[in-house]
Every structure is written in C-alpha cells, then in structure tokens.
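Breakdown of the fold
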Amino acid sequence: MNFQALHAKQQAFFHTNETKNISFRIEQLKKFKQLFDAHESELYSAIYEDFGKSEFETYISELSLLYHEINLFIKNIKRWSKRKRVSTGLANFPAKSYIIPEPLGVTLVIGAWNYPYQLSLLPAITALAAGNTVILKPSELPSRTAAVMAKIINSNFPENYFHVVEGDAETTTELLKHRFDKIFFTGSTPVGKIIYRAAAKHLTPVTLELGGKSPTFVLADCDIKMTAKRIVWAKFFNAGQTCVAPDYILVEKTIEQKLIEALIIEIKEAYKDSDDIDENYVRIINTRNFDRLAQLIDTDKVCFGGKVDREKRFISPTILQNISFDDEVMKDEIFGPILPILVYTNIDEAIAKVKALPKPLSCYIYSKDRKAIDKILKEVSFGGGAINDSVMHLSNSNLPFGGVGFSGMGSYHGKSGFDTFSHHKSILDKPFWFESSVKYAPYTKKKMALIKWLLR
Ligand code: NAD
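Residues numbered from 1 in each chain as written. Predicted model: local features only at pLDDT ≥ 70, side-chain atom pairs only at ≥ 80, totals over all residues. Heavy atoms only, no water.

Here the focus is the overall build of the protein. What the protein contains, in helices and strands, is 15 helices and 18 strands. Oriented by its inertia axes, the alpha-carbon framework of the protein measures out at about 85 × 55 × 35 Å. Going through the 456 residues of the protein one by one, you find that 53% of them count as buried. Taking the contacts inside the protein whose residues are at least 6 apart along the sequence as the reference set, 71% of them involve residues at least 24 apart. (Helix = DSSP H or I, 4+ residues; strand = E, 2+ residues; numbered from the N terminus. Buried < 20%, exposed > 50% of the residue type's maximum accessible area, 1.4 Å probe, protein only. Contact = heavy atoms within 4.5 Å.)

See below:
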C-alpha cells in the first residue's frame, strides 16, 4: 500500500474542515456504532478463533466500553469543543481571553493484541470525536480480529477519513516515516521507545500506553474473602493478558496462608478446577508467549495450578509461593495467568522494593486502614489504580487512563481522551477602542511605578 498517498489524502480531507463540523462527527460516531452493532456476531467469532475469548468477556471488556464512550462523545462533543472563556487580568484590559479546542489533524493509532477491539477502536473513535482523521494499525497477532475490523471500517468509511492498515512491525515502521499530527500507541515499553524515537524526527506528539509490573498490596486488616474474589477475577480475566492485571501480590506475612486458601477457593469457584479450555477461560495468544510463560513457572514454587498444554496454548490459573524479588518471574511484566505471592513484615520495606522497580501502570491496595492506604498512595508513583478492587478503575471514563515513567505518557478515556487528541489554542482578543500607553517607550519612572503597582 502507498502510505504516502494515503497520508496525503487524509491531510487533504482534513484541510477541507469537514471534520471540524460537530454534526459530521456525531453522524460518523453513530454510523460506527450501528456498524459494530450490526456485525457483533462476526466480531465474537473472530476473537474466539484468535484466542478463545468468550462473548461474555468480549462484551464486558471490549464492546461495552466502546459503546459507552461513543455515547459519551455524542452527548458531550459539542460542549467540549466550545471555546472556553478564561479571565484576562488588568494588564490586558479591555481584552477577553478564551481557549479553542481544535483537532490536531492526521493521526496514527497503533493497537496492542490483548484487547484487540478496545485498544484499537477506543483511541480511534476518540480521535474521530475530537475531529481528526485516523489511520489505524491494529496488532497483527490476533489476525482474524484485525481482518474483521479492516473489513468493517474500510468498506464503510472513506480512506481519506478513517482507514485500517493491517500489518506487522515492518508495516508500522513504514507508516512511521510519515509526519503525523499525533501518534497514539498501545503496547510494550521497548516498542514504545521505538515509536517515541520515530515520532521525535517529526516532532509528532505521542501518547504511549505501555505496561509494567502492577503490584497489589494486601494488608492484614483487609476482608480476605472479598480481596481474593476481586484479585482472582482481575488476574485471570483474559488469562492474565491484561496490562492492568495485578502482576504480583505483596501480602502481610500474618495472613499469607489465609489469603492463599481464599484465592484457591475463588479460582475453583470461577473455573471449576478445569484443566481444559472452556467458555470462560482464554488461551495464550501464541506459542512464543506460551513458552515464555511456561518457563516462568518454577514447579518447586507452585502452590496451585501450574497445568500447561502447549498444543492448546493453555495455562491454568497458577499461584506461586515463596517468591522473592530475585525470582525470574519478578524480572518483567508477566502478562499471563501466573500469580506470584511475596510476603512482607514491614510495609516500608515493601514500598521500597516496589519503588526500586520502574513505575507501574497500576497499583492496588486491599485494606481498611486509611492511614496505610494514604501512605502507599503518597509514596508509590503509578499510572492509576484502585483501593479494594483491581482493574475496574479503567471502566470509569471520568478517570484519565494512562501510565507514568516506563508505563507510559499521556492518557485517554472520556474527556481526557478528547483533550489528548486536541490542541488547545489560546487567544487574547482585544478591541481597538482603548490602549494604555504604559508599556510603550519612552520608559519613565512613573510608568515603572505604575506597572509595578498593576502587576504585583
Ligand atoms: P507490542 O509492543 O509487541 O506491539 C504493539 C504494536 O506495536 C503492534 O501493533 C505491533 O505490530 C507493533 N510493533 C511491534 N514491534 C514493533 C516494532 N519493532 N516497530 C514498530 N511497531 C512494532 O505489544 P503487544 O504484545 O501487542 O502488547 C503487550 C504489551 O502492551 C504489554 O506490555 C502490555 O502491558 C501493554 N499494554 C498496555 C496497555 C495500556 O493501555 N497501557 C494495554 C494493553 C497492553
């Protein structure tokens, strides 16, 4: 495909100003929603074929989020796109000041594979809602979901407005040679650095939604049963292939055994002790990731699960005990259904260990002790998180979603996404009927005194 031509077409269309029209944007969002609604069964089959994801998980973690955000945009873009008056100050009397949100132009959205619809389409529709054009490059790993998105979008939207390009790293490298007005990338930290470098050549602003090892603090005073229930859901949903999944648990030593017993009860309850893939449990995306994960299971440290089947790319929900920060499983983001349990006796030491690692995308704290919760919130830097829950913070579109440090930069969801894909143009607007002579030469002592008095 000729990316230069595609880019030029999108740029030309953007320059017609059509996308700045709010009713045009709302029409496109409505059309998008109707299309995806009409093709829902195709979307379910594609993702099931790619990695065994059920309709239930697909709806709650992908499609429902998309529909929710589209409705939010349809309801709010008129208001969010309005110029906003701000105060001016005496120095510029009698001017007024305002901020005009405007679209950036031609945007490139690069998706990750683990929630293939949500992670590609949510940023894409956000970019459209803010008035941009979009070239979307979904992950090539779930090939059927990439193909179904390309089919639906490319046969219903003109390529000069919204187009899906299928392909791998090589395709992305080609795309990145062009000067985009914004790049939105979701994926791993090492590839995030490649994207950042390529964007720098054109001074293109980037949002990087990356990963990391998200810690989960479990304090002695928590409700153990509820803690275990929420952690098990969050960790083994999508077979742990979730950027904000609890990567590991840091539990206070006095409740270690009780927590492990409760986790095992919850796993058995949710997955019926199944050693096979069923409707409720996702497969590992490919054999490369399967092999990487299987190697992380130190059989001497398995206290539950540990069943693997390479042919089916199946790894059962697995708990590892007696883990320290030196174990292999603690070196990188796990991104699979393996839950290491680390114990601590001193919360300050536990916090120091977490702070020695790169800043994570999320952090979870299970406790009723507000002082202890606030201490962790104050001391540990991370993208976002939850108290007495995991993962669910991302379902609230009033909470900007994004990382910090190695887990990313920038954010989206709801209004924060709209702002991410907008430039905020600042305007000072002055009439002709009055001008003070104070700032003009010749500079006198009297003027200096007046300026000091005015601007103090
Ligand atoms: P990845 O970095 O391997 O791939 C992401 C995208 O980059 C894909 O579209 C891929 O084709 C492209 N790509 C891969 N190598 C490239 C290269 N050398 N040059 C240019 N493009 C390249 O990530 P992944 O395996 O798809 O996803 C897993 C990672 O993403 C995990 O680290 C996870 O935590 C993170 N993630 C983050 C979020 C978030 O919202 N912060 C969400 C999901 C996943």
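There's more to say after this.
So, on to the site of the ligand. Near the ligand lie 25 residues; those nearest to it are G111, E140, S188, L210 and E333. Contacts to the ligand include S188, whose side-chain N or O atom sits 2.6 Å from an oxygen atom. Within the backbone of L210, an N or O atom sits 2.7 Å from a nitrogen atom of the ligand. For the ligand, whose unbound accessible area comes to 840 Å², protein coverage reaches 87%. Residue assignment for the shell around the ligand shows that the elements contributing at least two residues are α7 (169–175), β6 (182–186) and α8 (189–200). Looking at side-chain class alone, the shell around the ligand contains 13 nonpolar, eight polar and four charged residues. Composition of the shell around the ligand by domain shows at least three residues from each of domain 1 (3–210 + 406–425) and domain 2 (215–402). (Near = heavy atom within 4 Å. Polar contact = N/O pair within 3.5 Å; in protein donor to acceptor, adjacent residues only side chain to side chain. Areas by Shrake-Rupley, 256 points an atom, 1.4 Å probe, with all protein chains shown as cover. Nonpolar A, V, L, I, M, F, W, Y, C, P; charged D, E, K, R; others polar. Domains from an automatic or database assignment.)

The way to describe two aromatic rings as a pair is by their centre distance and the angle between their planes. A full pass over the atoms with the stated rule returns 22 aromatic pairs. With 6.4 Å between their ring centres and 25° between their planes, F32 and F162 make a pair best called stacked. With F32 in helix α2 (residues 22–38) and F162 in strand β5 (residues 162–164), this pair connects stretches of sequence that are 130 residues apart. Residue F32 is classed as buried on the basis of its relative accessible area of 1%. The rings of F13, F24, F32, F36, F157, Y161 and F162 are connected pair by pair, giving a single aromatic cluster. (Phe/Tyr/Trp six-rings, centres within 6.5 Å; stacked < 30°, edge-to-face > 60°.)

This part takes up the domain arrangement of the protein. It is common to give the size of an interface as the accessible area lost on bringing the parts into contact. By the assigned domains, the protein splits into domain 1 (3–210 + 406–425) and domain 2 (215–402). Taking only C-alpha atoms, the centre of domain 1 and the centre of domain 2 are 30 Å apart. Taken together, the contact pairs 30 residues of domain 1 with 26 residues of domain 2. The junction of domain 1 with domain 2 conceals about 2,300 Å² of combined surface from both sides, 55% of it contributed by carbon and sulfur atoms. Counting across the interface, domain 1 meets domain 2 through zero salt bridges. Those elements that place two or more of their residues in the side of domain 1 that touches domain 2 are α3 (40–51), α4 (55–81) and α14 (414–420). Looking at which element gives the most residues to the side of domain 1 that touches domain 2, the answer is α4, with seven residues. (Buried area = accessible area lost by both parts, 1.4 Å probe. Salt bridge = Lys/Arg side-chain N within 4 Å of Asp/Glu carboxyl O.)

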